[in-house]
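Here are the chains, one letter per residue:
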Amino acid sequence: MRRLVIEGAHVATVDAVDREFVGGHVVVDGSRIIAVGDGPAPPWVFADGVEVESVDGSGHLLTPGLVNTHHHLYQWLTRGIAQDSILFDWLVALYPTWARIDEDLVEAGAEAALAVLAKSGCTLAADHHYVFPRGSGDIVGGIVRAAARVGIRLHGTRGSMDLGRSAGGLPPDFAVETTAVALDASALAVERYHDASADSMVQIALAPCSPFSVTSELLTEAATLGRSLGVRLHTHGSETVEEDAFCQERFGKTPTQYLEDLGWLGDDVWMAHSVHLDDHAIARFGATATGSAHCPSSNARLAAGIAPIPQLLRAGAPVGLGVDGSASNESGQLGTEIRQAVLMNRLRAGADGFSVRDGLRIATVGGARVLGRDADLGSIEVGKLADLALWDLRGVEFAGLVDPVASLGLASMPPLAGLFVGGRRVVDDGRLTTINEVGVARAAARASADLLGRV
Ligand code: ZN
C-alpha cells in the first residue's frame, strides 16, 4: 500500500460548495483520494506498514487537475501561420498543409502539445482530430501513444470532414474523406482505443468537424453510431458569424437549430466555442445539458467573439475550458486560459459577471462534466481519482497576493510544483518525470519542418 500525503497547502476543492482549506491536507491511497480537510493529515494515515510519500504544500495552492475540453494536438506543427486572419481564411490557408500529415508527424506534434498541457496543470485533455489523409496510417493511435508517454488522460476523437469545396463546403476536396470511410474508421477507433472504465486513461468520442465541412448525412449517422457504441459526440458549433451565415444560407437555420434537428443536442454532446448563441439556443443548451468548450484565447486570436458563458452557466448547461488547437492558440497552455476566461467574460458580463472561482470551476469540474467524467474527476473529494495540480506561490510574483486562487485567475500562472494523475507524479518541480522534454522538443521541431516542406 502506498499513500501520498500533501499537507500545508491552500486546498481549493472545487466541490459542490467550493470548500477551501487554508493549510489543508489531501491524502491519496493508490489512485484515489481518501482524505481531505483542514490542518495536518489525521494520524491514522500514517499507520504502521504503510509507505507514505509526504509533500510539503506550504506556500502552495492545490487544485484539481485542469481539464482541457477542446484541442487539435496535431496543430502544434503549424503554429504562427496566418496570424492576422479570421477563421475561414485561416482554415483555407492551413488546409493544404494539414492534408499532408501522417501518423508519425501527428504523434510527434501531439507529444509536444500534451507535454505543454501537463506542464500547465492539465491532467485530462480532449483532442479533436478530423484530418485523415489517405494512407496516413493510424493517426488516432499515434495520439493515444503520445498521451500514454506523457502520462495524462486523453479523450481523443475520431473526427471527420466529408463536405469538400465542390459540394459547397469550405475544405478543399483533397482534404476530405467519403462519408462511409469516415464512419467505418470511427467505429474502428472506438473498438481499438475506447476504455469506458471509471479509471480510464483513454476514451474516444466521434467528432465530425463543423457544419461547413461535414454533410448532414455524416452528422446524423455519426450521432447514431456514437450512441450505439456508448461514446460521446463532439463538434464545432456557433464559432463565427460566417458559420452562422453559412447555416442560414444553406439550411435556413442557426447552427444550433441545424445541429438539434440532426440529433446533436444532448448530455452526451459537447460543442467547441458556442460563441454566437441567441437566447433560444442558450435555453436549448441548458434544457438538453449540451456541453460547451470555452476557448477564449482562440476566440480572441481569430476575432470570433465573446462566448456567453455566464448565461450558459445560468441556464444550467455544462461548460468546460479549452485551449483549442495550437495553430489558433500558440501558447497551448491550459493554466493561463483561466485568466483569459475571467478577463474576456468580464468584457461582456461586467466586473462581477465572472469570478476567478468561476474560471477555476469551468477549468476543472465543469470540464469533467462536459466530458462525462465528473463522477470520478474534476474536484478534490474523498473517493475521486487523485488528479491534482500543486502550484508554487512562494515566488516574488505572488508575494502579497491575498487570495491564492487569484494567482490563476488574475495574476499569472504559478510554477507547477507537482502534477499527479491517478496519484502518479507526472510533473515534479516544473519538469515532466515521464518523458525527455528536450528530445520531444527536437522531434516536434523536426516534424514541423518536415510537414511544412511537403507543401
Ligand atoms: Zn477547434
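Since we're looking at a predicted model, the values are computed, not measured.

**Student:** Please give an account of the overall build of the protein that cites residues and values.
**Tutor:** For the protein, the helix and strand inventory stands at 14 helices and 17 strands. A compact globule built from 455 residues should have a C-alpha radius of gyration of about 23 Å, and the protein, at 21 Å, falls within 12% of that. Relative to its full complement of 455 residues, the protein shows a buried share of 61%. If you take every contact in the protein between residues at least 6 apart in sequence, the share linking residues at least 24 apart comes to 74%. Between the averaged position of the 36 positive side-chain charges in the protein and that of its 55 negative side-chain charges there is a distance of 2 Å.

**Student:** Explain the coordination of the zinc ion residue by residue, including any values.
**Tutor:** Donor atoms from the polypeptide that coordinate the zinc ion comprise His70 (NE2), His72 (NE2), His236 (NE2) and Asp324 (OD), at 2.1 to 2.5 Å from the metal. For the zinc ion, the four donor atoms are set out with angles of 87 to 171° between them, so the coordination reads as irregular. Along the chain, the residues donating to the zinc ion fall in the pattern H-x1-H-x163-H-x87-D. On the criterion of sequence distance, the pair formed by His72 in the loop between β6 (66-68) and α1 (87-98) and Asp324 in the loop between β13 (319-321) and α11 (335-349) is long-range, its members being 252 residues apart.

**Student:** Help me get a handle on the environment of Ala167, residues and values and all.
**Tutor:** Tracing the chain through its elements places Ala167 in the loop between β8 (153-160) and α4 (179-193). When its relative accessible area of 44% is taken as the criterion, Ala167 is described as partly exposed.

**Student:** So what about the layout of surface pockets? Which residues, and what values?
**Tutor:** Estimates place the volume of the largest pocket at around 420 Å³. Around the largest pocket, the lining is made up of 22 residues, and of these Phe132, Pro133, Arg158, Glu177 and Val181 lie nearest the centre. Put simply, the parts of the chain that give the lining of the largest pocket at least two residues each are α3 (139-150) and α4. Sorting elements by how many residues they give to the lining of the largest pocket places α4 first, with six residues. Of the residues in the lining of the largest pocket, the class split is 12 nonpolar, four polar and six charged.

**Student:** Please set out the nonpolar core residue by residue, giving values where relevant.
**Tutor:** One recurring pattern in soluble globular proteins: nonpolar side chains tend to sit buried together. Trp90, Trp98, Leu114, Leu117, Ile152 and Trp264 are the most contacted members of the largest nonpolar core, which totals 115 residues. When residues of this core are assigned to their parent elements, the largest contribution, 10 residues, is made by helix α2 (residues 103-119). Each of domain 1 (2-64 + 384-432) and domain 2 (66-370) contributes no fewer than three residues to this core. Once you skip the residues sitting within four places of it in the chain, Leu117 turns out to touch Asn68, His71, Leu73, Cys122, Ala125, Ile152, Val323, Gly332 and Leu334.

**Student:** Could you give an account of empty space enclosed by the protein, with specific residues and numbers?
**Tutor:** Per the stated rule, a full pass over the model turns up two cavities of 30 Å³ or more. Approximately 120 Å³ is the volume found for the largest cavity. If you go around the largest cavity, you meet 16 residues; those closest to its centre are Leu87, Trp90, Leu91, His236 and Glu239. Here the lining of the largest cavity is composed, by residue class, of eight nonpolar, six polar and two charged. Within this model, the second largest cavity holds a volume of roughly 30 Å³.

**Student:** Give a detailed account of the state of the cysteines, specifying residues and quantitative values.
**Tutor:** By the definition in use, this model includes zero disulfides. Cys247 carries a free sulfur, and the closest cysteine sulfur to it, the one in Cys209, is 13 Å from it. Since its relative accessible area comes to 0%, Cys247 is described here as buried. With no disulfide partner, Cys295 has as its closest neighbouring cysteine sulfur the one in Cys122, 13 Å distant.

**Student:** Give a detailed account of the side chain of Ser297, specifying residues and quantitative values.
**Tutor:** Of note, Ser297 is situated in helix α9 (residues 296-301). Taking the relative accessible area as the measure of exposure, Ser297 reaches 17% and is therefore buried. In this structure, Ser297 is in contact with Ser328, Asn329, Glu337 and Gln340, ignoring residues within four places of it in sequence.

**Student:** Can you break down the domain arrangement of the protein residue by residue, with the values?
**Tutor:** Quoted interface sizes are often the accessible area lost when the parts come together. Taken as a whole, the protein is organised into domain 1 (2-64 + 384-432) and domain 2 (66-370). Across the domain 1 to domain 2 interface the summed buried area is about 2,400 Å²; carbon plus sulfur atoms make up 61%. For the pair domain 1 and domain 2, the interface holds five salt bridges. For Arg357, the salt bridge is made with Glu20, and the minimal N-O distance between the two is 2.6 Å. Counting across the interface, domain 1 meets domain 2 through 10 residue pairs in polar contact (both at pLDDT 80 or more). When contributions to the side of domain 1 that touches domain 2 are tallied by element, the ones reaching two or more residues are β5 (60-64), β14 (388-392), α13 (406-409), β15 (416-421) and β16 (424-428). With four residues, β15 is the single largest residue contributor to the side of domain 1 that touches domain 2. A per-class count over the side of domain 1 that touches domain 2 returns 21 nonpolar, five polar and eight charged.

Definitions and limits used
- Residues numbered from 1 in each chain as written.
- Predicted model: local features only at pLDDT ≥ 70, side-chain atom pairs only at ≥ 80, totals over all residues.
- Heavy atoms only, no water.
- Helix = DSSP H or I, 4+ residues; strand = E, 2+ residues; numbered from the N terminus.
- Rg over C-alpha atoms; globule rule 2.2 N^0.38 Å.
- Buried < 20%, exposed > 50% of the residue type's maximum accessible area, 1.4 Å probe, protein only.
- Contact = heavy atoms within 4.5 Å.
- Lys, Arg positive; Asp, Glu negative; His and termini not counted.
- Charge placed at Lys NZ, Arg CZ, Asp CG, Glu CD.
- Donors = N, O, S within 2.8 Å, 3.2 Å for Na, K, Ca; no water.
- Tetrahedral: all angles 85-135°; square planar, octahedral: opposite > 155°, others 65-115°.
- 1 Å grid on protein atoms, 1.4 Å probe; cavity = no way out; pocket = protein on both sides within 12 Å on 5 of 7 lines; lining within 4 Å.
- Points joined across faces, edges and corners; volume = space filled by probe spheres on them.
- Nonpolar A, V, L, I, M, F, W, Y, C, P; charged D, E, K, R; others polar.
- Core = buried A, V, L, I, M, F, W, Y, C linked by side-chain atoms within 4.5 Å.
- Domains from an automatic or database assignment.
- Disulfide = S-S within 2.5 Å.
- Buried area = accessible area lost by both parts, 1.4 Å probe.
- Salt bridge = Lys/Arg side-chain N within 4 Å of Asp/Glu carboxyl O.
- Polar contact = N/O pair within 3.5 Å; in protein donor to acceptor, adjacent residues only side chain to side chain.

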